[in-house]
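A structural walkthrough
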Amino acid sequence: MKKKVLSVLMCAALAATMLAGCGGSSSSSEGSTGAAGGDTSGKTYAIVTKSAGNPYNEKEAEGFQEVIEAAGGTCIVQNPESATADAQITVIQSLISQGVDSIAIAANDANALASVCQEAMDAGIQVLTLDSDVNSATRKTFCNQAGVQEVGQALIDAVYDIAGGEGQYAILSATSQATNQNAWIEAMKSIQESDEKYSKLELVEVAYGDDEPQKSTDQTQALLQNYPDLKVICAPTTVGISAAAKVLQDQKSSVKLTGLGLPSEMAEYIGADDAHSCPYMFLWNPIDLGKLAGYASIALVDGTITGAAGDTFEAGDMENSPYTLTELADGSGASEIILGPPFQFNPDNIEEWKSIY
Amino acid sequence: MAGKSGRTISATPQGGIKEKIFSWEGALILLLIAVNIFGAVLSPNYNMTNILRESPRYLAEIFMLFGMAFILVLGDIDISVGSIVCLTATMGCLVSNKGMGVGAVILVCLGVGLLCGMLNGFVATKFTELPTMIITLGTQIIFRGIAEVALGDGGSASMTDIQSIGILRAKVGPVPLSFFIVIICAIIFITVLNKTTFGRKLYAIGSNRTTAYYTGIEVQRIRFFSFSMLGFLAGLCGLFLLASTYGANTTTGNGFEMEVIAMCVFGGIATTGGKGNIIGGFIAAFIIVCLRIAFGQINMNTQLILVIIGVMLIVSVLIPAVTNAINSRKKTKKA
């Protein structure tokens, strides 16, 4: 008897869901026919961050939202409950159900998100990535904050400028296997070799601080002892640069520092005078990256770009607009959009940025 | 706990039809209907197709519900299942990357899960004086530790061959494979718990282990079997998770044990043992899944969803306690 009552209720529950489904699907189809214009109003653009409480990602989402809302579209910002691919899959699945027009993802894992991204693309959603990419076959394009050549060029120019055009410099990197750092260092070396302008610069050593503050400190001190004529240290890693900055400033060394660092950690070391160890340094501007992803989403949805290399689109008031999609170096034929040269943090703007990230 | 006839040990009291509708399971079904209506009102996209499409990740978790229900009815607990999921997914991924086929991956996942469960069962039955909470806390750390060592420095592994495991993502129409497995598991486990002597023995052990032992029930053998079973189901969960995320990392399966225990408790299965029914846990699982999907579709803050589920859990434990207190007061007044 009890079973019967239960099963009747179960059936009722299922029937209720079905009915709910019918009602729901008809109203959503009305919505999509109504929005069949060429503009952004009525379109929904989503951004999925790595996780809640990631200030860098929050800035990206802020830039994205600003662009979408200024264009009159609806913006959904989704922060997964944890920084895992699993949590992102849950969120993306939900966005597919909602039938959004585009999803921009800062991926927690390249492979794990491949199937859900493919599913979204199959459902007619424009999928793009920013900050960190997924498997390149399962998205339309990737908004890259740091083109390898651009970073290499900015760093070698900074070294050239700070050293006064000649002299010894050293690099303080992360680990010897770090993919990003190695690519940037290679780019610096090849630019230096290819251009006569840098011929008086001499790279004496690439030291590895393993992204540990203590080891980076030790490596910096070793560099100072081994190379008395050293002029500049370039640390393309946030841990390395802050450790080196402290060593140089505490020892009142004449050696200067540049590289890639977090404004919040580096604010007290950045200054043009001799009391500060770092005249200027670089990192990406997460707000601009979010804005770029916003413009790219709009362009993908209205068909201005298809995600093929060579496509171009306007990005409002952004510095490097219009942007062109370039081909990935891995030969897959997939495209990426490079934000531009890294953003320079100098004594003039560091006060404004140090509270941001 | 024994019924009036002395022949059966019923999980739910015998009573009239009114009591059945107002039973915990009846209330849960009403709640499930309410949640579905609520979801449909909240989100225009809350329909069968979308629910089924979003469900595989949750269904994998529900596999473990059945094993966990057995463990809880026995009066034990197993908080190592999340780590077993992590370890099985890791091992499955590494085996696949060694170039072995999907058959080997399935075998490894289920085998590793079963072994982990057997280890839990072995320790729990050999050292009966140890609380299973502490034993499985230990193995939880051990299993995740092994997975982390196997994953190496990066703490993450990705499958290179993502084609062959695709058969686990197969769908019949819109219905995913894991849905059928959940239904099959539900039929088997509900029948075993309610209709067989084995199921009755579980309740007997959970009600009073010493008495059960003296009536000739092979208490330790049944406990060992139940822990092994749960390990196996955790392996199954790890396998399906691997099929949907194509890899494993140190956070895989984090918190699954608590989510599964929450589903059971919400379904009316007491952690003190001897009480409750898988049907309740099964319906409760669907309530939680439907709520998460509905809230997800209106883009509610994911942390807020966790808060709401936590509140529901506490309320679900409070209601029976309060009604019991009221009932017993009524009875004493009558007497």
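Residues numbered from 1 in each chain as written. Chains lettered and ligands numbered in written order. Predicted model: local features only at pLDDT ≥ 70, side-chain atom pairs only at ≥ 80, totals over all residues.

Quick word on the overall build of chain A
Scanning chain A for helices and strands turns up 11 helices and 15 strands. Buried positions account for 48% of the 357 residues belonging to chain A. Taking the contacts inside chain A whose residues are at least 6 apart along the sequence as the reference set, 67% of them involve residues at least 24 apart. (Helix = DSSP H or I, 4+ residues; strand = E, 2+ residues; numbered from the N terminus. Buried ≥ 20, exposed ≤ 12 C-beta atoms within 10 Å, placed from the backbone. Contact = placed C-beta atoms within 7 Å.)

Comments concerning the confidence of the model for chain A
Residues and elements named next belong to chain A. Taken over all residues, the pLDDT of chain A has a mean of 82, while the share at 70 or more is 89%. The element-level mean pLDDT for chain A is lowest in helix 1 (residues 2-34), coming to 44, with strand 3 (residues 102-105) highest at 94. Segment residues 15-38 is flagged for pLDDT under 50; beyond a separation of four residues in sequence, or across chains, it makes 30 contacts in the model. (pLDDT = per-residue confidence, 0-100.)

Re the environment of Ile191 of chain A
Residue and element names in this part refer to chain A. Counting through the fold element by element, Ile191 comes out in helix 6 (residues 179-194). Judged by C-beta crowding, with 17 C-beta atoms within 10 Å, Ile191 ranks as partly exposed. The spatial distance from the C-alpha of Ile191 to the C-alpha of Gln153 is 7.0 Å, given a sequence separation of 38 residues. Excluding residues that lie within four positions of it along the chain, Ile191 makes contacts with Gly152, Gln153 and Ile156.

Brief notes about the sheet that holds strand 3 of chain A
Residue and element names in this part refer to chain A. The 7 strands lie next to each other as 2-1-3-4-5-14-13, forming an open sheet whose pairing is mixed. Every interior strand has two partners, whereas the edge strands, strand 2 (74-78) and strand 13 (326-327), have only one. Relative to strand 5 (residues 141-144), strand 4 (residues 126-130) runs parallel, the two being bridged by 3 bridges. The partner of Thr129 across the bridge, within strand 5, is Phe142. Here helix 2 (residues 55-70) sits on the sheet and contacts strand 1 (44-48), strand 2, strand 3 and strand 4; the angle it forms with strand 2, its principal contact strand, is near 165°. (Pairing = 2+ DSSP bridges. Axes fitted to C-alpha atoms, helices over the stretch in contact; angles between N-to-C directions.)

A few points about the sheet that holds strand 9 (residues 256-259) of chain A
Residue and element names in this part refer to chain A. The strand order across the open sheet formed by 4 strands is 7-6-8-9, and the pairing between neighbours is parallel. The open sheet is flanked by strand 7 (201-208) and strand 9, the only strands paired with a single partner. In this sheet, adjacent strand axes meet at a mean angle of 25° when their direction is disregarded. Where strand 8 (residues 230-235) and strand 9 come together, 4 bridges link them in parallel fashion. Bridge assignment links Val232 to a residue of strand 9, and that residue is Lys256.

What about the nonpolar core?
Grouped together as the largest cluster of nonpolar side chains are 200 residues, with contacts concentrated most on Ile103 and Ile233 of chain A together with Leu65 and Ile287 of chain B. Among the elements that line this core, the one with the most residues is helix 11 (residues 219-245) of chain B, at 16 residues. Among the domains, domain 1 (44-145 + 286-339) and domain 2 (148-283) of chain A are the pair contributing at least three residues each to this core. Once residues within four sequence positions are removed from consideration, Ile287 of chain B is found in contact with Leu28, Leu31, Leu32 and Val35 of chain B. (Core = buried A, V, L, I, M, F, W, Y, C linked by C-beta atoms within 7 Å. Domains from an automatic or database assignment.)

Section: the packing of helix 5 (residues 81-97) of chain B against helix 6 (residues 102-126) of chain B
Residues and elements named next belong to chain B. Packing of helix 5 against helix 6 brings their axes to within 8 Å, and their N-to-C directions diverge by 150°. Looking at the two axes, helix 5 sits roughly antiparallel to helix 6. Both helix 5 and helix 6 take part in a crossing whose hand is right-handed. Contact residues: helix 5 offers Ile84, Leu87, Thr88, Met91, Gly92, Val95 and Ser96, while helix 6 offers Ala104, Val105, Val108, Cys109, Val112, Gly113 and Cys116. (Parallel < 35°, antiparallel > 145°, perpendicular 65-115°, else oblique. Left-handed = near helix turned anticlockwise from the far one by under 90°.)

A closer look at helix 11 of chain B
Residues and elements named next belong to chain B. Under the 1.5 Å per step criterion, the end-to-end length of helix 11 is 39 Å for 27 residues, consistent within 8% with the ideal 39 Å. A large share of helix 11 lies buried, amounting to 24 of its 27 residues. Of the residues flanking the end of helix 11, it is Tyr246, one or two places downstream, whose phi is positive at about 55°. (Expected span 1.5 Å × (residues − 1).)

Digging into unusual backbone geometry
A positive phi angle is found at Lys252 of chain A, which is not glycine, with a value near 50°. Its location among the elements puts Lys252 of chain A in the loop between helix 8 (238-250) and strand 9. Residues other than glycine seldom take positive phi values, yet Asn299 of chain B does so here, at roughly 60°. Within the fold, Asn299 of chain B resides in the loop between helix 13 (278-297) and helix 14 (302-334). The class of Asn299 of chain B is partly exposed, set by 17 C-beta atoms lying within 10 Å.

A word on the environment of Tyr45 of chain A
Residues and elements named next belong to chain A. Positionally, Tyr45 belongs in strand 1. In this structure, the C-alpha to C-alpha distance between Tyr45 and Ala315, residues 270 residues apart in sequence, is 16 Å. Those residues in contact with Tyr45 that sit more than four places away from it in its chain are Ile68, Gly73, Cys75, Val100, Asp101, Ser102 and Ser297.

Here's the deal with helix 5 (residues 148-163) of chain A
All names here are of chain A. End to end, helix 5 covers 22 Å across 16 residues, agreeing with the expected 22 Å (1.5 Å per residue, within 8%). Every buried residue of helix 5 is accounted for by Val151, Gly152, Ala154, Leu155, Ile156, Ala158, Val159, Tyr160, Ile162 and Ala163. Packing partners of the buried residues in helix 5 comprise strand 6 (167-173), helix 6, strand 7, strand 8, strand 9 and strand 10 (281-283). Gly164, located one to two residues past helix 5, shows a positive phi value of around 80°.

A short note on the pairing of strand 5 of chain A
Residues and elements named next belong to chain A. A two-sided burial pattern is seen for strand 5, the buried positions comprising Thr141 and Cys143 on one face and Phe142 and Asn144 on the other. For strand 5 and strand 14 (residues 335-338), the ladder comprises 2 bridges, and the chain directions are parallel. Its bridge partner lying in strand 14, Cys143 is registered against Ile337.

Here's the deal with the confidence of the model for chain B
All names here are of chain B. Across chain B, the average pLDDT comes to 87, with 92% of residues at 70 or higher. Ranking the elements of chain B by mean pLDDT puts helix 1 (residues 17-21) last, at 61, and helix 6 first, at 95. Throughout residues 1-10 the model reports pLDDT below 50, and contacts reaching past four residues in sequence, or to other chains, amount to 11 contacts. In the model output, the complex is listed with pTM 0.74 alongside ipTM 0.76.

Side note on the packing of helix 12 (residues 256-266) of chain B against helix 13 of chain B
Residue and element names in this part refer to chain B. Interhelical geometry of helix 12 versus helix 13 gives an angle of 120° and a closest axis separation of 7 Å. Taken together, helix 12 and helix 13 sit at an angle that is classed as oblique. Between helix 12 and helix 13 the crossing geometry is right-handed. Taking contact as the criterion, the partners of Met263, Cys264 and Phe266 in helix 12 are, on helix 13, Gly281, Ala284, Ala285 and Ile288. Across the contact of helix 12 with helix 13, the residue classes tally to 6 nonpolar, 1 polar and no charged. (Nonpolar A, V, L, I, M, F, W, Y, C, P; charged D, E, K, R; others polar.)

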